Every structure is written in structure tokens, then in C-alpha cells.
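Residue strings, one per chain:
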Amino acid sequence: MKQFISVHDVPDINALVQKALACKAAPYKNKTLGINKRIGCLFLNPSMRTRLSTQIAAQNLGMEAIVFNVGQEGWALEFEEEAIMSGNTVEHVKDAAPIMGKYFDILAIRTFPSLKNKDDDYSELYMKQFIKYAGIPVVSLESATLHPLQSLTDLITITESLQNAPSQNVGKRPKVVLTWAPHVKPLPQCVANSFSQWMNAWGEADFVITHPEDYELSQEFTNGATITHNQDEALKDADFVYVKNWSTYNDYGKIYCNDPGWMLTNKKLAYTNNAKVMHCLPVRRNVELSDEVLDGPNSIITQEAGNRVWAAQAVLSEILGNIS
Ligand code: CP
């Protein structure tokens, strides 16, 4: 693997999931793979899980991780080609990224969308410019439209749950439901886009997306899924329910319906096949998910967040295997 920006960088999804589970079983088996190698983790936006799990994963491989909160502590970066930099930006990415390419062996970047201009956000200019100018492998720690490390983690967690209960799952395709949930502010579509992209590429589940009208995601990511506005119907017989808010894609970055009836509760969970409940975190309690679900026996959210380490470790291992 030369970079990790989306599922398209992964030649064999199941092999990567199994590699991550092998890392979980034996975290220090490859503790010298990354010796004398350094990863730069650039955060243009906040993070807890991604930042910590990537650092731990690097450390497990003997690799040094340097975190740079460039959004708070760095020079304001310019990304547009041929920009006349007479405004607030101080340094062009075409000057900064090659230097990072000298300092690091792998560059990992988190950058959020503005949610103001769909074409700008979906062009993934920031990520593309780092890839173009850094000259070293780039890993997405979440971009304007996708969150591949989260999605890999989600698939690891689903696979692990299926493997832990083989007698219930013999010969059965799991039903996985991605359900929109209310939120107090407009959020990116990244997690929902990325989860949809990975589920469709994986192809080993009956994948259903449910959301209120006007919350359609880009078909680029959802093609292959069953989509319904009827949440109760979607939840019927589900084995996994992934709860996530996103803002509107078509009339970009807005909140239309914010019906609290879309919050996942135990009453709704009763429609499912005793489904495991997932969320990428952070979560707004009693807005997106009720306390009773989050603290109940069906939640695998902490296990899911824990698996972030093994997703990152599997990806870094693959990339380290490709650099001398
Ligand atoms: N799920 C996730 O990416 O969490 P952080 O924003 O805390 O990294």
C-alpha cells in the first residue's frame, strides 16, 4: 500500500482486517518494523481517538510519531495554486509539504470540510495538495469527505463480532444499517460517506441506509446500498446499527429536519435482531443516542474506538512494508 486515502487504496479489504486483528492479538510482534522511521501527524482540526490511536500504533511498530497541531500552532497554509497571498495565509502548501517530506517517512493529515462550498470540499484540495507536494506516503486521518481509518475500524469491529459468535452467523449475511441521528450543529458527511463506501466495497453484508428526506448522501458512496426514509423498517432484523449524524449534501451543509424521533432508543432497538450498536464518537448523549443504548449491553462503541489502534497499526505496517 502506497497511501491510505480511501478504500480504493486497499487491494484486499478482508486481508487488511485480518492483519489488524493479528495486530490486536500480538501488538508488539512487529515492534522493529518502524525502527528509524518517523510519522508526522498533522492536525488542521481537533481529534482525540485518531490522534492517540495513530501515535500508539506507530509506537507499537517502533516508529516515532510527531504530532503537529498545524491548525492551532502552525502558519496558516494556502492551498490554491497561483494564489496571490496578500490575505491571511502565510505559507503555501507547495513550500511546506516538501519540507515535511524531508522530516518524515509517512505524513498523516486530518482536515475537515468547510461545509460552505460543496465543490470545494468534495474536490479534496487539501489532501490532494499534500499528496502532490510531500513526496512521501500520505495517510488520511479524516479528510473533507472521507474517514477511512474509522471505516476500517468499523469493519474490523463487525468482523470481530461475527467471529466471536460464529454459531449465530453460519451461512448468514449480516444486515448492517447506517441510520442518521439528530444533532445540534451541521456535521460533515465524511463518516457516513466512508462507511458506505467501505460497506459497498466489502460486499459481505446487506447494507441499508436510513435517513429523513433531504439527507441523501452522494451516490458516489452509497451506490449499492438500500436507502429508505423509514427508520423502523430499516432497523427490522438488523444485526448492526451504525448511528451517525450528517448535514445535508444536496443543499450543502444545512440542518433541515432535526426530529428527535430519529434518536436510537431501546424501543427502536427492539425492532432489530438484538443488534450491536456502533458510533464513531464523539457522541451527543440523549441527542444522537439515548443513555440506555450507550450504556446498555448492545453497545460495542468502546470496543470500536479501541480498535482504532489496530486499524492504524495495520495500515502503517502495510505502508512501512513498501518503503525502504
Ligand atoms: N472518531 C474519531 O475520528 O474521533 P476523533 O475525532 O476524536 O479522532
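Residues numbered from 1 in each chain as written. Predicted model: local features only at pLDDT ≥ 70, side-chain atom pairs only at ≥ 80, totals over all residues. Heavy atoms only, no water.

## Some thoughts on the overall build of the protein
Moving on, step 1. Across its full length, the protein holds 15 helices and 11 strands.
Moving on, step 2. Principal axes of the C-alpha set define a box for the protein whose edges measure 55 × 45 × 30 Å.
Moving on, step 3. In the protein, which comprises 324 residues, the share counted as buried stands at 55%.
Moving on, step 4. Entry remark: accessible area of the protein is about 14,400 Å², with carbon and sulfur atoms responsible for 49%.
Moving on, step 5. The average position of the 29 basic charges and that of the 36 acidic charges among the side chains of the protein differ by 6 Å. (Helix = DSSP H or I, 4+ residues; strand = E, 2+ residues; numbered from the N terminus. Buried < 20%, exposed > 50% of the residue type's maximum accessible area, 1.4 Å probe, protein only. Areas by Shrake-Rupley, 256 points an atom, 1.4 Å probe, with all protein chains shown as cover. Lys, Arg positive; Asp, Glu negative; His and termini not counted. Charge placed at Lys NZ, Arg CZ, Asp CG, Glu CD.)

## Quick look at the environment of threonine 145
Moving on, step 1. Here threonine 145 is to be found in the loop between strand S6 (138-140) and helix H7 (148-164).
Moving on, step 2. When the C-alpha positions of threonine 145 and serine 123 are compared, they lie 8.9 Å apart, and in sequence the two are 22 residues distant.
Moving on, step 3. Contact partners of threonine 145, with chain neighbours within four places excluded, come to Asp121, Tyr122, Glu124, Gln189, Cys190 and Asn193.
Moving on, step 4. Within the local environment of threonine 145, its side chain forms a polar contact with the side chain of glutamate 124, the two groups lying 2.4 Å apart. (Contact = heavy atoms within 4.5 Å. Polar contact = N/O pair within 3.5 Å; in protein donor to acceptor, adjacent residues only side chain to side chain.)

## Examining the packing of aromatic side chains
Moving on, step 1. Counted by the stated rule, this structure contains 10 aromatic pairs.
Moving on, step 2. For the pair phenylalanine 195 and tyrosine 242, a centre-to-centre distance of 4.3 Å together with 25° between the ring planes defines the contact as stacked. Of this pair, phenylalanine 195 sits in helix H9 (residues 190-202) while tyrosine 242 is found in strand S10 (residues 240-244), placing the two residues 47 residues apart along the sequence.
Moving on, step 3. Classification of phenylalanine 195 as buried rests on a relative accessible area of 1%.
Moving on, step 4. Given the relative accessible area of 0%, tyrosine 242 is considered buried.
Moving on, step 5. Put simply, the rings of Phe79, Tyr126 and Phe130 touch in pairs and so form one group of aromatic residues.
Moving on, step 6. Lying over the aromatic face of tyrosine 249, lysine 118 brings its terminal NZ or CZ to 4.1 Å of the ring centre. (Phe/Tyr/Trp six-rings, centres within 6.5 Å; stacked < 30°, edge-to-face > 60°. Lys NZ or Arg CZ within 6 Å of the ring centre and 35° of its normal.)

## Re the nonpolar core
Moving on, step 1. Core analysis: the biggest nonpolar cluster contains 58 residues, and Phe4, Val139, Leu152, Ile158, Met199 and Val315 have the highest contact counts within it.
Moving on, step 2. The greatest single-element share of this core, amounting to nine residues, is contributed by helix H15 (residues 308-320).
Moving on, step 3. Two domains share this core, each providing at least three of its residues, namely domain 1 (7-147 + 308-320) and domain 2 (150-306).
Moving on, step 4. Leucine 152 has contacts with Phe4, Leu16, Val17, Trp198, Ala311 and Val315, leaving out every residue within four places of it along the chain.
Moving on, step 5. Membership of the second largest hydrophobic core comes to 18 residues, among which are Leu77, Ala96, Met100 and Tyr133. (Core = buried A, V, L, I, M, F, W, Y, C linked by side-chain atoms within 4.5 Å. Domains from an automatic or database assignment.)

## Points about the site of the ligand
Moving on, step 1. Within the structure, the ligand sits among Ser47, Met48, Arg49, Thr50, Arg110, His147, Gln150, Cys280, Leu281 and Arg308.
Moving on, step 2. Between threonine 50 and the ligand, the recorded distance is 2.7 Å, taken from a side-chain N or O atom to an oxygen atom.
Moving on, step 3. Within the complex, 92% of the 260 Å² of free accessible area of the ligand lies under protein.
Moving on, step 4. Of the residues in the shell around the ligand, the class split is three nonpolar, four polar and three charged. (Near = heavy atom within 4 Å. Nonpolar A, V, L, I, M, F, W, Y, C, P; charged D, E, K, R; others polar.)

## Some words on the domain arrangement of the protein
Moving on, step 1. Split into domains, the protein comes out as domain 1 (7-147 + 308-320) and domain 2 (150-306).
Moving on, step 2. The centre of domain 1, based on its C-alpha atoms, is set 25 Å off from the matching centre of domain 2.
Moving on, step 3. The interface is formed by 30 residues belonging to domain 1 together with 35 residues belonging to domain 2.
Moving on, step 4. When domain 1 packs against domain 2, the two sides together hide about 2,700 Å² of surface, and 61% of this comes from carbon and sulfur.
Moving on, step 5. Counting across the domain 1 and domain 2 interface gives one salt bridge.
Moving on, step 6. Joining domain 1 to domain 2, the criterion identifies 17 residue pairs in polar contact (both at pLDDT 80 or more).
Moving on, step 7. Breaking the side of domain 1 that touches domain 2 down by element, the ones donating at least two residues are helix H1 (13-25), helix H5 (118-122) and H15.
Moving on, step 8. Of the residues belonging to the side of domain 1 that touches domain 2, the class tally is 16 nonpolar, seven polar and seven charged. (Buried area = accessible area lost by both parts, 1.4 Å probe. Salt bridge = Lys/Arg side-chain N within 4 Å of Asp/Glu carboxyl O.)

## Concerning the pairing of strand S7 (residues 175-180)
Each regular strand shows side chains that alternate between the opposite faces of the sheet.
Moving on, step 1. Of all six residues in S7, six are buried, a share of seventy percent or more.
Moving on, step 2. Note: S7 against strand S8 (residues 206-210), five bridges, orientation parallel. In the sheet register, threonine 179 faces S8, and the bridge partner there is threonine 210.
Moving on, step 3. With respect to chirality, the unit in which S7 leads through H9 into the neighbouring parallel S8 is right-handed. (Pairing = 2+ DSSP bridges. Right-handed = clockwise from strand over helix to strand, strands pointing away.)

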